[in-house]
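Structural overview for review
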Amino acid sequence: GFHTGRYATRSRQRLDKAILSFFQNFRRVYVGEQAIHSSKVYGPLKEHVGIQDHVTALDIIVNKIATNLRVFPQCEELIDLTLTLFQDLAAGYMSGKLLIKLNAINYLLSHHTQDHFPFLTEADNTRHRTTFYATLGRLLFMDDTPGKFKAFVTPFQQVFLAMEAHADDMARFRSEQVRDTLIGLFRDLRGLTMATNSRRNYAMLFDWLYPDRMPLVRRTLEAYTDTPAVTTPLLKFFAEFVLNKTQRLAFEASSPNGIKLFWETSKIIVAHGTRVLQLQGVQDVYTQKYKGMALCFTILLRGLAGNYVNFGVFELYGDPSLNDALDVTLRLSLSIPLNHLMSYQKLARSYFQLLEVLAHNHTAFLVARDAATFRHIGTSLETGMKSLDVTISSQCAAAVDSLAGFYFNNVVNGETQTPATQAFVSHVRENPTIFPSILKTLFEIVLFEDCSNQWSLSRPILSLILVNEQVYADLKMQIIASQPGDRQPRLASCFEKLMDKISRTLEPKNRDKFTQNLTIFRHDFRAKK
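The structure presented is a predicted model; accordingly, all values stated were derived computationally and were not measured. (Residues numbered from 1 in each chain as written. Predicted model: local features only at pLDDT ≥ 70, side-chain atom pairs only at ≥ 80, totals over all residues. Heavy atoms only, no water.)

**Observations concerning the overall build of the chain**
Each helix and strand counted, the chain has 28 helices and zero strands in total. Summarising its shape, the C-alpha atoms of the chain cover approximately 85 × 60 × 50 Å along the three principal directions. When the accessible surface of the chain is summed, it comes to about 24900 Å², and 51% of that surface belongs to carbon and sulfur atoms. Computed over 59 positive and 50 negative side-chain charges, the inter-centroid distance for the chain is 4 Å. (Helix = DSSP H or I, 4+ residues; strand = E, 2+ residues; numbered from the N terminus. Areas by Shrake-Rupley, 256 points an atom, 1.4 Å probe, with all protein chains shown as cover. Lys, Arg positive; Asp, Glu negative; His and termini not counted. Charge placed at Lys NZ, Arg CZ, Asp CG, Glu CD.)

Now the structure itself:
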């Protein structure tokens, strides 16, 4: 395997690809959870090549993995297959427990830098760095002792200190060497963060990164706004850092860490968002602007939906962090033309997912925006509901339901007026077609199209009907009038049945009854075409 000159072309890598393929199949049958430890295969193996059990076989496989990563740094496809095998081995509980007992794995955990594995320095392998450190992190946290964690992150600490020494010298900080180092650093950290799947693991990582390492993160965003090759890995790392998967961000009741984490979230969004809005004349608008915006939407979404922050604290103590993050995010969304928004699926999904959470949990903030912003939100929701992506249309329906429900409960049935409700009334007065247009769109989709998310689309219909019953009556007459004369009486009867036994409330039982009526109505309507 040391004949590196032979591996300059992909055709020379066939033997090692075949070996990796064999190891993958051998692993599935004879190593880990589904292993047949008493299999007769180890008799002949012991007799001919000295492999007496699955532990010995696993040691050979791991040594081959380490050899490939060390010897063939420029063979990107071979590196990819090797890391996939390594990741699959570590993913299993039993095979992972076996791995951490091997000397080769202990060597990897203590010698994981580019000095020992030169594939980390190759530009073609930058994406694989995340996989490499996610796998190492999983093995590290299987034996989650603080001493081992501290030793593992020592090389990262040295990189942070070296970068911080150049942070004030802009020319040096934007040099190619520093740039490549930062790209690798944030890809590595993202992989390590992905591996934290418990409160204890995450707490060790959080205490190491916060607050000492965060200034460099913000400084990097400020210096490299126009360089998505740097900002994209950074924002992806932070999006993973604020993700509360497996309840790993469940801080103690007396801990302020949830609020501190959102402070950093707000600073990251504001730092990147305000500078991206100032970029002009970009050639690749998605890579240089929209990709970062989508990640900002995702970061804020995960912060808002993570259930580790009581957001009422910010308003109570006059802390602007929440409002600053929300304000910059809305400014980012306003800068995206609707045709661009719907053209990029990742951007659209992150935007509408965020809008769903904002409409449900921060309705007062949304409706208190200016008229132009509210109009844009309404238009984008209507456009999103027409999307062929079921996820997007369902998210838009949920957001509309939250807005219409807020209006019904606080304006139509509300006894006291707040600044938010007054602003909402003003918006509806200035844009009287917003709710009627959305209601018409919903009826058109439910009645005339084959929609697989009828349940999701039915929820906002009742809310919109109750907001303005006269609009519903007018729309009903339009739909009836659009049908052939001989069908109009039957259709009118169907509309009457739609509201049968439906009260003027948004209680769950009433909603469920309306959904059932709408299903029957849709069936009858389409059957009598």
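Let's pick the thread back up.
**Looking at the packing of aromatic side chains**
Taken as a whole, this structure holds 42 aromatic pairs when the rule is applied. Centre to centre, the rings of Phe156 and Trp208 are 6.5 Å apart; their planes meet at 45 degrees, and the pair counts as tilted. Of the two residues, Phe156 is situated in helix H8 (residues 146–166) and Trp208 in helix H11 (residues 199–209); the sequence distance between them amounts to 52 residues. By the burial criterion, Phe156 is buried, and Trp208 matches it. Summarising the aromatic geometry, the rings of Tyr286 and Tyr344 are spaced 4.8 Å apart at their centres and angled 20 degrees between planes, so their arrangement reads as stacked. Residue Tyr286 is located in helix H15 (residues 285–305), and its partner Tyr344 is located in the loop between helix H18 (338–343) and helix H19 (345–361); the two are separated by 58 residues in the primary sequence. On the basis of relative accessibility, which here comes to 19%, the residue Tyr286 falls in the buried class. (Phe/Tyr/Trp six-rings, centres within 6.5 Å; stacked < 30°, edge-to-face > 60°. Buried < 20%, exposed > 50% of the residue type's maximum accessible area, 1.4 Å probe, protein only.)

**Details of helix H22 (residues 390–412)**
Helical periodicity: at 3.6 residues per turn, an α-helix aligns residues three or four positions apart in one direction. Given a rise of 1.5 Å per residue, 23 residues ought to cover 33 Å, and the 31 Å separating the end C-alpha atoms of H22 matches this to within 8%. Extensive coverage of H22 is indicated by the burial of 17 of its 23 residues. The backbone nitrogen of Thr391 lies 2.9 Å from a side-chain oxygen of the residue at the head of H22, namely Asp389. (Expected span 1.5 Å × (residues − 1). Polar contact = N/O pair within 3.5 Å; in protein donor to acceptor, adjacent residues only side chain to side chain.)

**Observations regarding helix H24 (residues 434–448)**
Given a rise of 1.5 Å per residue, 15 residues ought to cover 21 Å, and the 21 Å separating the end C-alpha atoms of H24 matches this to within 8%. Restricting attention to buried positions, one finds in H24 the residues Ile434, Phe435, Ile438, Leu439, Thr441, Leu442, Phe443, Ile445, Val446 and Leu447.

**Some remarks on the environment of Leu185**
For Leu185, the location among the structural elements is in helix H10 (residues 176–194). Note: C-alpha distance between Leu185 and Gln417 (232 residues apart in sequence) is 51 Å. Excluding residues within four positions of it along the chain, Leu185 makes contact with Phe156, Val159 and Phe160. (Contact = heavy atoms within 4.5 Å.)

**Regarding the domain arrangement of the chain**
Buried accessible area, meaning the area lost when the parts come together, often serves as the stated size of an interface. By domain assignment, the chain separates into domain 1 (1–143) and domain 2 (144–336). Computed from C-alpha atoms alone, the centre-to-centre distance between domain 1 and domain 2 is 32 Å. The interface is formed by 16 residues belonging to domain 1 together with 19 residues belonging to domain 2. Carbon and sulfur atoms supply 64% of the area buried between domain 1 and domain 2, which totals about 1600 Å² over both sides. Counting the surface domain 1 buries against domain 2, the share from its top three residues, Thr130, Phe141 and Asp143, is 40%. Remark: the boundary between domain 1 and domain 2 carries two salt bridges. One salt bridge in this structure joins Asp188 and Arg129, with 2.7 Å as the shortest N-O distance. On the surface where domain 1 and domain 2 come into contact, there are five residue pairs in polar contact (both at pLDDT 80 or more). In terms of residue count, the dominant contributor to the side of domain 1 that touches domain 2 is helix H7 (residues 126–142) (twelve residues). Residue classes in the side of domain 1 that touches domain 2 are distributed as seven nonpolar, five polar and four charged. (Domains from an automatic or database assignment. Buried area = accessible area lost by both parts, 1.4 Å probe. Salt bridge = Lys/Arg side-chain N within 4 Å of Asp/Glu carboxyl O. Nonpolar A, V, L, I, M, F, W, Y, C, P; charged D, E, K, R; others polar.)

**Let's talk about the packing of helix H21 (residues 371–385) against H22**
Direction vectors running N to C along H21 and H22 enclose 140 degrees, while the axes themselves pass 8 Å from each other. Looking at the two axes, H21 sits oblique to H22. Between H21 and H22 the crossing geometry is left-handed. Contacts from Leu381, Gly384 and Met385 of H21 reach H22 at Ile392, Ser393, Cys396, Ala397, Ala399, Val400 and Leu403. Among the residues forming the contact of H21 with H22, the class breakdown is eight nonpolar, two polar and no charged. (Axes fitted to C-alpha atoms, helices over the stretch in contact; angles between N-to-C directions. Parallel < 35°, antiparallel > 145°, perpendicular 65-115°, else oblique. Left-handed = near helix turned anticlockwise from the far one by under 90°.)

**A short note on the nonpolar core**
If you look at the biggest cluster of nonpolar residues, it comprises 168 residues, and the most contacted ones within it are Phe241, Leu304 and Phe443. Composition of this core by domain shows at least three residues from each of domain 1 (1–143) and domain 2 (144–336). (Core = buried A, V, L, I, M, F, W, Y, C linked by side-chain atoms within 4.5 Å.)

**A short note on the state of the cysteines**
Any covalent bond linking the sulfur atoms of two cysteines counts as a disulfide. Throughout the structure, instances matching the rule amount to zero disulfides. Not part of a disulfide, Cys494 finds its nearest cysteine sulfur in Cys451, a span of 17 Å. By relative accessible area, which is 6% here, Cys494 ends up buried. (Disulfide = S-S within 2.5 Å.)

**Remarks on the confidence of the model for the chain**
Averaged over every residue, the pLDDT of the chain is 92; the share at 70 or more is 97%. Within the chain, the element-level pLDDT minimum falls on helix H27 (residues 488–498), averaging 85, and the maximum on helix H13 (residues 228–241), averaging 98. (pLDDT = per-residue confidence, 0-100.)

**A closer look at the side chain of His166**
By the element assignment, His166 lies in helix H8. On the basis of relative accessible area, His166 is assigned to the buried category, the value being 19%. Apart from the residues lying within four places of it in its own chain, the contact partners of His166 are Arg172, Phe173 and Val178.

**Points about unusual backbone geometry**
Most peptide bonds are trans, and most residues other than glycine sit at a negative phi. Omega for the peptide link from Tyr210 to Pro211 comes to 0 degrees, which places this bond in the cis form. With a phi angle near 50 degrees, Thr246 is a residue other than glycine that sits in the positive phi range. Along the chain, the position of Thr246 falls in the loop between H13 and helix H14 (257–276). Judged by its relative accessible area of 55%, Thr246 is exposed. Phi angles above zero are rare outside glycine, and Gln247 is one such case at about 55 degrees. For Gln247, the position within the fold is in the loop between H13 and H14. Here Gln247 falls in the partly exposed class, since its relative accessible area comes to 49%.

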